Amino acid sequence: MDEDADEEGIQETCVTQTKGCESSTAIAKTKVTERLRYSDCVGGSQLGHIPVDSHAFRALLADKPMNLCFTPNYSSADSVEKLVSELRQVIDYVESRPSLSDGNASFLRDRLRTLVAKSSSEARTSIRITNQRFESQSKIDANLARSGIESLPDDVIGHVFSFLDGPSLANAQGVSKRWKSVAETPSLWKKLCIDHWNALAHDEALWPIVCRPDPTILESGKDKWRLAYPYIRDHESFKVRIQKTGRFVCNAVVHRLAGPALNLSAMPDTIIVERRFNVLHLESFVVPESSILYFEPEDQVDKEALQEFIAYLSGRNRAGLALDERHRFMVLPPCEYSKDQLEYYGNAMLGVVQDVYHNFTS
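Residues numbered from 1 in each chain as written. Predicted model: local features only at pLDDT ≥ 70, side-chain atom pairs only at ≥ 80, totals over all residues. Heavy atoms only, no water.

1. Comments concerning the pairing of strand 10 (residues 350-354)
Each regular strand carries side chains that alternate between the two faces of the sheet.
1) Next: Strand 10 sits mainly inside the fold: 5 of its 5 residues count as buried.
2) Next: Because side chains alternate across strand 10, one face comprises the buried residues L350, V352 and Q354, and the other comprises G351 and V353, equally buried.
3) Next: Judged from the 4 bridges that link them, strand 7 (residues 291-297) and strand 10 form a sheet pairing that is antiparallel. In the strand pairing of strand 10, L293 is matched with G351.
4) Next: Bridge count for strand 9 (residues 328-332) against strand 10 is 5 bridges, and the pairing is antiparallel. When the bridges of strand 10 are listed, L332 appears paired with L350. (Buried < 20%, exposed > 50% of the residue type's maximum accessible area, 1.4 Å probe, protein only. Helix = DSSP H or I, 4+ residues; strand = E, 2+ residues; numbered from the N terminus. Pairing = 2+ DSSP bridges.)

2. Looking at the nonpolar core
Across soluble globular proteins, nonpolar side chains have a tendency to be buried as a group.
1) Next: Grouped together as the largest cluster of nonpolar side chains are 46 residues, with contacts concentrated most on F161, W197, L282, Y294 and M330.
2) Next: Among the elements that take part in this core, helix 8 (residues 186-196) stands out by supplying 5 residues, more than any other.
3) Next: Here Y294 is in contact with W197, A199, D203, L206, V253, V254, H255, L257, Y344, A348, M349 and L350, once residues within four sequence places are set aside.
4) Next: The next biggest cluster of nonpolar side chains, apart from the first, holds 22 residues, and it includes V254, I271, L293 and F295. (Core = buried A, V, L, I, M, F, W, Y, C linked by side-chain atoms within 4.5 Å. Contact = heavy atoms within 4.5 Å.)

3. Examining helix 3 (residues 80-95)
1) Next: Look at helix 3: 22 Å from first C-alpha to last across 16 residues, which is about the 22 Å you get at 1.5 Å a residue.
2) Next: Where helix 3 is concerned, the buried positions are K82, E86, Q89, V90 and Y93. The buried residues of helix 3 occupy an angular sector of 95° when the element is viewed end-on, so they sit on one face. For helix 3, the exposed residues lying more than 90 degrees away from the buried face are V80 and E95. (Expected span 1.5 Å × (residues − 1). Arc of directions from axis to C-beta.)

4. Some points on a nonpolar patch on the surface
1) Next: A contiguous nonpolar patch, built from L83, L87 and L112 and spanning about 210 Å² of accessible area, is present on the exposed surface.
2) Next: Along the chain, L112 turns up in helix 4 (residues 106-150).
3) Next: According to the relative accessible area criterion, L112 is partly exposed, its value standing at 40%. (Patch = residues over 30% accessible without salt bridge, like charges linked within 9 Å, V, L, I, M, F, W, Y side chains within 5 Å. Areas by Shrake-Rupley, 256 points an atom, 1.4 Å probe, with all protein chains shown as cover. Salt bridge = Lys/Arg side-chain N within 4 Å of Asp/Glu carboxyl O.)

Quick look at the structure:
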């Protein structure tokens with residue numbers, strides 16, 4: 001009796017379990033047929049409608065579910081690594097369920113479209129955030145730079161500007177009204193001019209010649225140095241040793257005062273004044289294409305020696321002559337020719353250099 005009861009109980013249990021399985025299977029099949037969700041995968045996106053037949057459904061139920069929910073750390077939301085990983089997860093998901101190979105690929109197309117749309121959106125967001133951070137940091141850096149130097153007094157800014165060259169100092173004038181005011185300080189431009197041509201600080205007779213392209217500079221007052229700087233810079237110069245026959249005279253800086261530009265690479269290191277001639281012959285010897293030179297001593301010792309040499313020539317009413325393979329140099333003490341023809345009324349020694357010279361006797 002007990003055995004019959006046990007057998008009936010077992011049969012009843014089996015029937016109940018079978019009905020429960022059939023019920024679960026029907027519910028699951030309905031849900032999967034209606035829409036297969038991919039919420040356990042990346043992004044929780046839906047793959048779309050997948051019609052699944054009974055055979056495929058049973059096979060799908062037999063597969064073990066894969067937990068693909070993880071959040072790896074990527075270098076960027078728009079990185080290749082991230083997109084490749086998401087594609088790999090889709091491939092792994094499909095490969096882990098052989099039953100899906102019997103259906104159509106519409107769910108894959110839906111998922112790929114979702115991935116592309118999501119990746120594009122994340123890329124735009126990432127680019128926008130990066131640009132915002134860059135612009136914000138740029139504004140911070142610019143504000144720090146401005147606040148740093150703007151907090152300094154004018155005399156300190158002027159000291160900083162004193163280390164700039166002419167073009168850089170000119171550019172500083174365009175930064176702000178305050179910088180313009182400081183950058184136009186006459187002493188800054190005077191220093192630049194004198195560094196190039198020291199005699200301008202004391203030889204007023206030079207200015208009418210240097211400013212010949214724009215004579216209004218002479219009437220510009222404190223702005224004279226700033227306005228004259230471009231013209232002063234255009235007058236090239238070179239260094240030279242001046243000698244008489246058998247005797248050193250001095251070292252000098254030679255500036256081109258007027259005439260054609262000099263080929264500085266062809267200028268000699270030493271000018272040896274071997275001959276002298278009467279200054280009255282200058283009008284015959286100086287040709288129109290000559291370059292006019294201005295001799296400036298390098299230091300105080302050279303200044304005294306050069307003044308002595310000028311006095312020697314002036315006392316004899318002579319000009320000096322030096323020759324090399326390519327040039328003829330004539331050195332002129334202050335004289336009427338300098339005033340009348342060269343329009344120089346100062347006391348410095350001038351010179352004339354010619355690439356081609358004529359034969360003459362002293």
